[in-house]
Amino acid sequence: VQLQASGGGLVQAGGSLRLSCAASGRTFSSYGMGWFRQAPGKEREFVAAISRSGGSTYYADSVKGRFTISRDNAKKMVYLQMNSLKPEDTAVYYCAADIRYRDYAPSTSYEYAYWGQGTQVTVSS
């Protein structure tokens, strides 16, 4: 499984960005997918996750109501729509795939076997 994240950039506080993650693999629709982020000097943290069908989504409290995760299994894509961005959202954002076949998507990084290369999001105040 290969993952390619894109869509990061520099945006002012209150602005929006949409991150995309392109996946390879014939069984993409069986993967739970997640987004994580890591700010300088901090540990990687959970942002959002979506079940393999897209029927269930999960969010960190810090982004709930501002970020939306979605997926298009036909295109093998996962998206993270980020609205009302804050300076504390500044980080490198990673998409990840959980290849175990289950009906939910986990929020812990160790349960994700494959990771993309990350895309930088910088929010200026």
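Here, the structure is the one placed above.
Conventions and cut-offs
Residues numbered from 1 in each chain as written. Predicted model: local features only at pLDDT ≥ 70, side-chain atom pairs only at ≥ 80, totals over all residues. Heavy atoms only, no water. Helix = DSSP H or I, 4+ residues; strand = E, 2+ residues; numbered from the N terminus. Rg over C-alpha atoms; globule rule 2.2 N^0.38 Å. Buried < 20%, exposed > 50% of the residue type's maximum accessible area, 1.4 Å probe, protein only. Disulfide = S-S within 2.5 Å. Patch = residues over 30% accessible without salt bridge, like charges linked within 9 Å, V, L, I, M, F, W, Y side chains within 5 Å. Areas by Shrake-Rupley, 256 points an atom, 1.4 Å probe, with all protein chains shown as cover. Salt bridge = Lys/Arg side-chain N within 4 Å of Asp/Glu carboxyl O.

Q: Hey, could you go over the overall build of the protein for me, with residue numbers and the actual values?
A: Each helix and strand counted, the protein has zero helices and 11 strands in total. When the elements of the protein are put in sequence order from the N terminus, they spell out β-β-β-β-β-β-β-β-β-β-β. In summary, the protein has a C-alpha radius of gyration of 13 Å against a globular reference of 14 Å for 125 residues, a match within 12%. Oriented by its inertia axes, the alpha-carbon framework of the protein measures out at about 40 × 25 × 25 Å. Of all 125 residues assigned to the protein, the portion counted as buried reaches 45%.

Q: Describe the state of the cysteines, with residues and values.
A: As enumerated under the stated definition, the model contains one disulfide in all. At a sulfur-sulfur separation of 2.1 Å, the disulfide partner of Cys21 is Cys95. Judged by the torsion about the S-S bond (65°), the Cys21/Cys95 disulfide is right-handed. You can see Cys21 sitting in strand β3 (residues 17-23) and its partner Cys95 sitting in strand β9 (residues 91-98), a full 74 residues away along the chain. Across the pair, exposure class does not vary: Cys21 and Cys95 are buried alike.

Q: So what about the environment of Tyr110? Which residues, and what values?
A: The residue Tyr110 is located in the loop between β9 and β10 (114-115) in this model. In the structure, Tyr110 is positioned 12 residues away from Asp98 in sequence and 9.5 Å away in space, judged by C-alpha atoms.

Q: Any chance you could break down a nonpolar patch on the surface for me, citing the residues and the numbers?
A: Nonpolar side chains collect at one region of the surface, where Val1, Ile99 and Tyr114 lie side by side and expose about 220 Å² of accessible area between them. Residue position: Val1 is located in the segment before β1 (3-6). We classify Val1 as partly exposed; its relative accessible area is 32%.

Q: Can you break down the pattern of salt bridges residue by residue, with the values?
A: The final tally for this structure, using the stated rule, is nine salt bridges. Its salt-bridge partner being Arg37, residue Asp89 comes within 2.9 Å of it at the nearest N-O pair. Remark: Arg37 occurs in strand β4 (residues 32-38) and Asp89 occurs in the loop between β8 (77-82) and β9; sequence separation between them is 52 residues. With a relative accessible area of 1%, Asp89 lands in the buried category. What makes Arg37 buried here is its relative accessible area of 5%. Where Arg100 meets Glu111, a salt bridge forms, and the shortest distance between an N and an O atom there is 3.8 Å.

By themselves, these observations are geometric and do not establish any function.
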